[in-house]
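The primary structure of each chain is shown beneath.
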Amino acid sequence: MRTALRALATTAAALLAATTLSPAAQARPEPRAPEEFVALRSVDPTIIQEMRYTTAHTFMGERVDGYRQPVCIVTRPAARALHLAQKRLLRQGYSLKVYDCYRPQRAVDHFVRWAKDLDDQSMKGEFYPRVDKSRLFEDGYIAEKSGHSRGSTVDLTLVKLPALPTRPYRPGERLSPCFWPQDERFPDNSMDMGTGYDCFDTLSHTDDPRVQGAQRANRQLLKRTLTEVGFVNLPEEWWHFTFKPELFPDTYFDFPVDRRSVGRP
C-alpha cells in the first residue's frame, strides 16, 4: 500500500510541476534553418528589401503567419547568384528589390485558410479584382505547397537608382486594381512591370502579349539578368524566380522568418 501511495504522490507532483511551468518553458523550441541558409543582407547588403508579408499590404490584408522580421532568407547558392546579378545591375544604374524569399509552411497554410474563407474579400479591389475568389485554387493562384518553402525561390523586381522611398500602406485606404497604370495603382518605387506585385491576373504572366513597350522591356531585363546567373522564371508570375539546382528540392521548411533562424543558437 505504501509503495502504491508513493507512486501516486510522485505522479501527482509531476503533473503539478507540468501545470505550473511558464508558457515559455512549455513551448516547443522553434525549428531553425539548416546551415545552408543565410540572410541575404549578409551576402549582399545593397539589394533592396521590401518584405511585404511582414505588413498588412498583402492580398489577405494582414501580416502573414511566420513572418516575424522583415528579413530575406535564402539558401547560400541563391544568395550568391543574387549578389552576382546585383553587381551587373548596379553597373547599369539599377538595383534588385526583393518582396519575398524563403516562406515557412505555416505561411502557406495561412494562405490556404484565407482562400477557403470566401467571405473575406477585403483586398479584392487591389489584388484579384477580376478573379472570383472561389477559383483561386483551380486557377493556380493559391496552393498547399510553395517552392518558396524550399529556400531557393524569390519574388523580386527592379528599381531605378537612386531609389525613391515607397510610402507605407495604410489599412483601410482606397484600393486600386493592381493592373491599372503605374501612376494610378499603389505607389511603388520599382520600375513599371505592367502590374503590381502579387497581382492575381493573367496580365502578370511574364510574356503576356498585352504587355508591351517599356513594361515588357523591364520584365525582360529582370528575366534575362536572373536567367544568366542560374534562376528560372515561373511563366505565370513575372516576379517569381527559382535558383537551380535547388539544394532542397523535396523539403518544405517551417522555421520562422527571423534573423535568429539563421544565426548562432
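Values in this document were obtained by computation on a predicted structure and should not be read as measured data.

> Please give an account of the environment of Asp155 that cites residues and values.
Here Asp155 lies in strand β5 (residues 153–160). Assessed through its relative accessible area of 1%, Asp155 is described here as buried. Residues contacting Asp155, with those up to four places away along its chain left out, are Lys97, Val98, Tyr99, Asp100, Arg103, His148, Tyr197, Trp239 and His240. A distance of 2.7 Å separates polar atoms of two side chains, one belonging to Asp155 and the other to Tyr197.

> Account for helix α7 (residues 213–227), with residues named and values stated.
Across its 15 residues, α7 extends 21 Å between first and last C-alpha, which sits within 8% of the 21 Å expected from 1.5 Å per residue. For α7, every residue scored as buried is listed here: Asn218, Arg219, Leu221, Leu222, Thr225 and Leu226. Buried residues of α7, viewed axially, fall in a sector of 155 degrees; they line one side. Buried residues belonging to α7 abut α4 (76–90), β4 (94–100), β5, β6 (231–233) and β7 (240–243).

> Provide a residue-level description of α4, including the pertinent values.
Taking 1.5 Å as the rise per residue, α4 with 15 residues should run 21 Å; its terminal C-alpha atoms sit 21 Å apart, in good agreement. Along α4, the residues that are buried comprise Ala78, Ala79, Ala81, Leu82, Ala85, Gln86 and Leu89. When α4 is viewed along its axis, its buried side chains cluster within an angular range of 160 degrees and face the same direction.

> So, the nonpolar core: which residues are in play, and what are the values?
Core analysis: the biggest nonpolar cluster contains 62 residues, and Phe59, Leu82, Leu96, Ile142, Leu156, Leu222 and Phe231 have the highest contact counts within it. Mapped by element, the contributors of at least two residues to this core are β1 (37–39), β3 (73–75), α4, β4, α5 (105–116), β5, α7 and β7. With six residues, α4 is the single largest residue contributor to this core. With five residues, the next largest nonpolar core counts Cys178, Cys199, Leu203 and Val211 among its residues.

> Please provide a residue-by-residue account of the pairing of β4, values included.
Burial of β4 is extensive: seven of the seven residues sit out of reach of the surface. Direction of pairing for strand β2 (residues 48–49) relative to β4: parallel, over a ladder of two bridges. Among the inter-strand pairings, Ile48 is bridged to a residue of β4, identified as Lys97. Judged from the six bridges that link them, β4 and β5 form a sheet pairing that is antiparallel. Of the residues in β5, the one forming a bridge with Leu96 is Leu158.

> Talk me through the pattern of salt bridges; I want residue IDs and the actual numbers.
Applying the stated criterion across every chain yields a total of 21 salt bridges. A salt bridge links Asp192 to Arg185; the nearest nitrogen and oxygen atoms lie 2.9 Å apart. Here Asp192 and Arg185 have matching classes, each one buried. The partner of Lys244 in a salt bridge is Glu246, with the nearest N and O atoms 3.3 Å apart. Connected through salt bridges with shared partners, the residues Glu30, Arg68, Arg106 and Asp254 form a single ionic network.

> Lay out the packing of aromatic side chains in plain terms, naming residues and giving numbers.
Across all of its chains, the model carries 22 aromatic pairs by this definition. Between the aromatic rings of Phe59 and Phe200, the centroid separation amounts to 5.1 Å while the plane-to-plane angle is 50 degrees, which identifies the pairing as tilted. Remark: Phe200 occurs in the loop between β5 and α7 and Phe59 occurs in the loop between β2 and β3; sequence separation between them is 141 residues. Residue classification places Phe59 among the buried positions, given a relative accessible area of 3%. Classification of Phe200 by relative accessible area gives buried; the value is 4%. Among the aromatic residues, those joined into a ring-pair cluster are Tyr53, Phe59, Tyr67, Tyr99, Phe111, Trp114, Tyr128, Tyr141, Tyr197, Phe200, Trp238 and Trp239. Sitting above the plane of the Phe179 ring, Arg130 keeps its charged end 3.8 Å from the centroid. In this structure, Lys145 is placed above the aromatic ring of Tyr252, and the distance from its NZ or CZ to the ring centre is 5.0 Å.

Conventions used here
- Residues numbered from 1 in each chain as written.
- Predicted model: local features only at pLDDT ≥ 70, side-chain atom pairs only at ≥ 80, totals over all residues.
- Heavy atoms only, no water.
- Helix = DSSP H or I, 4+ residues; strand = E, 2+ residues; numbered from the N terminus.
- Buried < 20%, exposed > 50% of the residue type's maximum accessible area, 1.4 Å probe, protein only.
- Contact = heavy atoms within 4.5 Å.
- Polar contact = N/O pair within 3.5 Å; in protein donor to acceptor, adjacent residues only side chain to side chain.
- Expected span 1.5 Å × (residues − 1).
- Arc of directions from axis to C-beta.
- Core = buried A, V, L, I, M, F, W, Y, C linked by side-chain atoms within 4.5 Å.
- Pairing = 2+ DSSP bridges.
- Salt bridge = Lys/Arg side-chain N within 4 Å of Asp/Glu carboxyl O.
- Phe/Tyr/Trp six-rings, centres within 6.5 Å; stacked < 30°, edge-to-face > 60°.
- Lys NZ or Arg CZ within 6 Å of the ring centre and 35° of its normal.

Honestly, that's just the spatial picture; any functional story needs more than this.
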